[in-house]
Amino acid sequence: MGRVPIVAGNWKMNKNPEEGFSFVDEVQNLLLEIKHVSIIFAPPFTGLFEMNVHPPFYSAAQNCHWESNGAFTGEVSVSMIKECGAKYVIIGHSERRHIFGELDDWINKKLKAILNVGLSPILCVGETIDQRDKGQTEQILYEQLDEGLRGITNFEDCVIAYEPVWAIGTGVTADNEQVRLAHSAIRDILKNKLKGSDDVHILYGGSVNSANAEDLIQIEGVDGFLIGGASLQLDSFTSIARTVEMVQEKKL
Ligand code: PGA
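The shown structure was predicted, so the numbers you read here are calculated from the model rather than taken from an experiment.

A. Just the overall build of the protein, in detail. Per the secondary structure count, the protein includes nine helices and eight strands. Over its C-alpha trace the protein gives a radius of gyration of 17 Å, about what one expects of a compact globule, namely 18 Å for 252 residues. Principal-axis analysis of the C-alpha atoms places the extent of the protein at approximately 50 × 45 × 35 Å. Within the span of the protein, comprising 252 residues, buried residues form 51% of the whole. Across the protein, the mean location of the 22 positive side-chain charges is 4 Å away from that of the 35 negative side-chain charges.

The structure is reproduced here in structure tokens:
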């Protein structure tokens, strides 16, 4: 049947619970016609509890801790996230890696904890501009996936987000060929590492907006988007979702 495209909105540290709940209600009402795309909302933890989503709409946390409970001030466990009704957990976002110093080893522990409770990870990978300029993009993707997925052999209902760090929040997207090559490199790495890797989605993230979505979604190997800024506004988020739905409908 192929992979159902995903449009995921990463709200980062934006929207209080009330704003989030009404945004989610409005998006679901505006997108009643969506049949061929999964839509994911990733609010801050405070907006996750009792978020009223119905398939094909889902919720996601933006982070988690790998232990199930204990003295870890400021952290939230995967079972707590699951009890809020979320299906996905974003891990390894570049802001977590670069602002908060997350290591691949922690990301790997988080990933295992997520799979253990039956949730799905959205594992973010991507190179900095420095690494790209030095020709290290593929090597960085390999290292982040190799270490992030260490000990994992079966990773079916999971998502990878390719997010070049230099394209996040900058208004600059990777060009079509850069995206195609990175997605194909990731697909090859997954094939060598995992059973069932054909089911793994590979999303693109980094300055996706309603003007570039139609072009980006048609790049070979792009199974959807992880969106920051443009996921916060009704107009842009619903327009991107409709674009992905339209392109997918044409393929079916
Ligand atoms: P952006 O963020 O769409 O604002 O570039 C993407 C992300 O951080 O996931």
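That shown, we press on.
B. Quick peek at the environment of L203. The topology assignment puts L203 in strand β7 (residues 201-205). By relative accessible area, L203 is classed as buried at 0%. Ignoring any residue separated from it by four or fewer positions in sequence, one finds L203 in contact with I6, V159, I160, A161, Y162, H183, D223, G224, F225 and L226.

C. Layout of the site of the ligand. Inspection of the region around the ligand gives 13 residues, with K12, H93, E163, G169 and S207 positioned closest. A distance of 2.6 Å is found between an oxygen atom of the ligand and a side-chain nitrogen or oxygen belonging to H93. Summarising the interface, the protein chains cover 95% of the accessible area of the ligand, which totals 280 Å² for the free molecule. In terms of residue class, the shell around the ligand is made up of four nonpolar, seven polar and two charged.

D. The packing of aromatic side chains, seen in detail. One pass over the full model with this rule turns up nine aromatic pairs. When the ring of F41 is compared with that of F57, the centres are 6.2 Å apart and the planes differ by 15°; the resulting orientation is stacked. Of the two residues, F41 sits in strand β2 (residues 38-42) while F57 sits in strand β3 (residues 57-61), which places them 16 residues apart along the sequence. As far as burial versus exposure is concerned, F41 and F57 are alike and both buried. For K87, the ring lying beneath its charged end belongs to Y58, and the centroid distance is 5.8 Å.

E. Fine view of the packing of helix α1 (residues 17-30) against helix α9 (residues 234-251). Two elements in contact, α1 and α9, have axes whose closest approach is 11 Å; the angle formed by their N-to-C orientations is 40°. Accordingly, the angle class assigned to the pair α1 and α9 is oblique. Pair α1 / α9 crosses with right-handed handedness. Contacts from F23, E26, V27 and L30 in α1 reach L234, F237, T238 and R242 in α9. Of the residues belonging to the contact of α1 with α9, the class tally is five nonpolar, one polar and two charged.

F. How the structure looks around the side chain of R97. You can see R97 is positioned in helix α3 (residues 94-98). Residue classification places R97 among the buried positions, given a relative accessible area of 11%. Within the structure, the side chain of R97 is placed 2.8 Å from the side chain of D104, a separation counted as a polar contact. Residues within four places of R97 in sequence aside, it is in contact with G92, E102, D104, I107, L123, C124, V125 and Q144.

G. Looking closely at the nonpolar core. Membership of the largest hydrophobic core comes to 62 residues, with the highest contact counts inside it found for F41, Y204 and F225. In this view, F225 contacts I6, V7, A8, L203, Y204, V208, A213, L216, I217, I240 and V244; residues no more than four positions away in its chain are not counted.

H. Seen up close, the sheet that holds β2. Read around the barrel, eight strands follow the order β1-β2-β3-β4-β5-β6-β7-β8 and close on themselves; strand pairing throughout is parallel. Strand-to-strand twist of the sheet, defined as the mean angle between neighbouring strand axes without regard to direction, takes the value 25°. Inspection of the sheet shows strand β1 (residues 6-10) paired to β2 by five bridges, in the parallel sense. Its bridge partner lying in β2, I6 is registered against S38. Together, β5 (120-125), β6 (159-162) and β7 form the strand contacts of helix α7 (residues 176-193), whose direction differs from that of β7 by roughly 150°. Those strands touched by α9 are β1, β2 and β8 (224-227), and its axis lies near 165° from that of β1.

I. How the structure looks around the environment of L103. Structurally, L103 can be placed in the loop between α3 and α4 (104-116). With a relative accessible area of 45%, L103 lands in the partly exposed category.

The rules behind each value
Positions within a chain are numbered from 1, following the residues in the order the chain's sequence is written. In keeping with the model being predicted, local features are shown solely for residues with a pLDDT of at least 70 and side-chain atom pairs are shown and tallied solely at 80 or more, while totals for entire chains, interfaces and linings include all residues. Hydrogens and water are ignored here; the side-chain numbers use all heavy atoms of the structure. The way it works is that DSSP assigns letters per residue, a run of H or I at least four long becomes a helix, a run of E at least two long becomes a strand, and they are numbered from the N terminus. Throughout, radius of gyration means the C-alpha value; the globule benchmark is 2.2 Å times the number of residues raised to the power 0.38. Here's how the labels work: a residue is buried when its accessible area is under 20% of the maximum for its type, exposed when over 50%, partly exposed in between, all with a 1.4 Å probe on protein chains only. The positive count covers Lys and Arg only, the negative count covers Asp and Glu only, and His and the chain ends enter neither. All charge positions are set by atom: Lys at NZ, Arg at CZ, Asp at CG, Glu at CD. Two residues form a contact once any of their heavy atoms are found within 4.5 Å. Note on terminology: near, applied to a residue and a molecule or strand, indicates that one of the residue's heavy atoms is within 4 Å of it. Here a polar contact is recorded for every N or O atom pair within 3.5 Å, except that within protein the pair must consist of a potential hydrogen donor and a potential acceptor, and residues adjacent in sequence are included only if both atoms are side-chain atoms. Using a 1.4 Å probe, accessible areas were evaluated by the Shrake-Rupley method; residue-level cover was limited to the displayed protein chains. We call Asp, Glu, Lys and Arg charged. Ala, Val, Leu, Ile, Met, Phe, Trp, Tyr, Cys and Pro are nonpolar, and the rest, Gly among them, are polar. For this analysis, a ring pair means two rings from Phe, Tyr or Trp (six-membered ring only for Trp) whose centres lie within 6.5 Å, classed as stacked if their planes differ by under 30 degrees, edge-to-face if by over 60, and tilted for the remaining angles. For a ring to carry a charge above it, either NZ of a lysine or CZ of an arginine must fall within 6 Å of the ring centroid while also lying within 35 degrees of the normal to the ring plane. Whenever a helix is involved, its axis is fitted only over the stretch in contact; in every case the axis is a line through C-alpha atoms, and angles between N-to-C directions fall within 0 to 180 degrees. Angles below 35 degrees are treated as roughly parallel, those above 145 as roughly antiparallel, those between 65 and 115 as roughly perpendicular, and all remaining angles as oblique. Two helices crossing with the near one rotated counterclockwise from the far one by less than a right angle form a left-handed crossing, whereas a clockwise rotation gives a right-handed crossing. For our purposes a nonpolar core is just a set of buried Ala, Val, Leu, Ile, Met, Phe, Trp, Tyr and Cys residues, chained together by side-chain atoms within 4.5 Å. Two strands are counted as paired when DSSP detects at least two bridges linking them.

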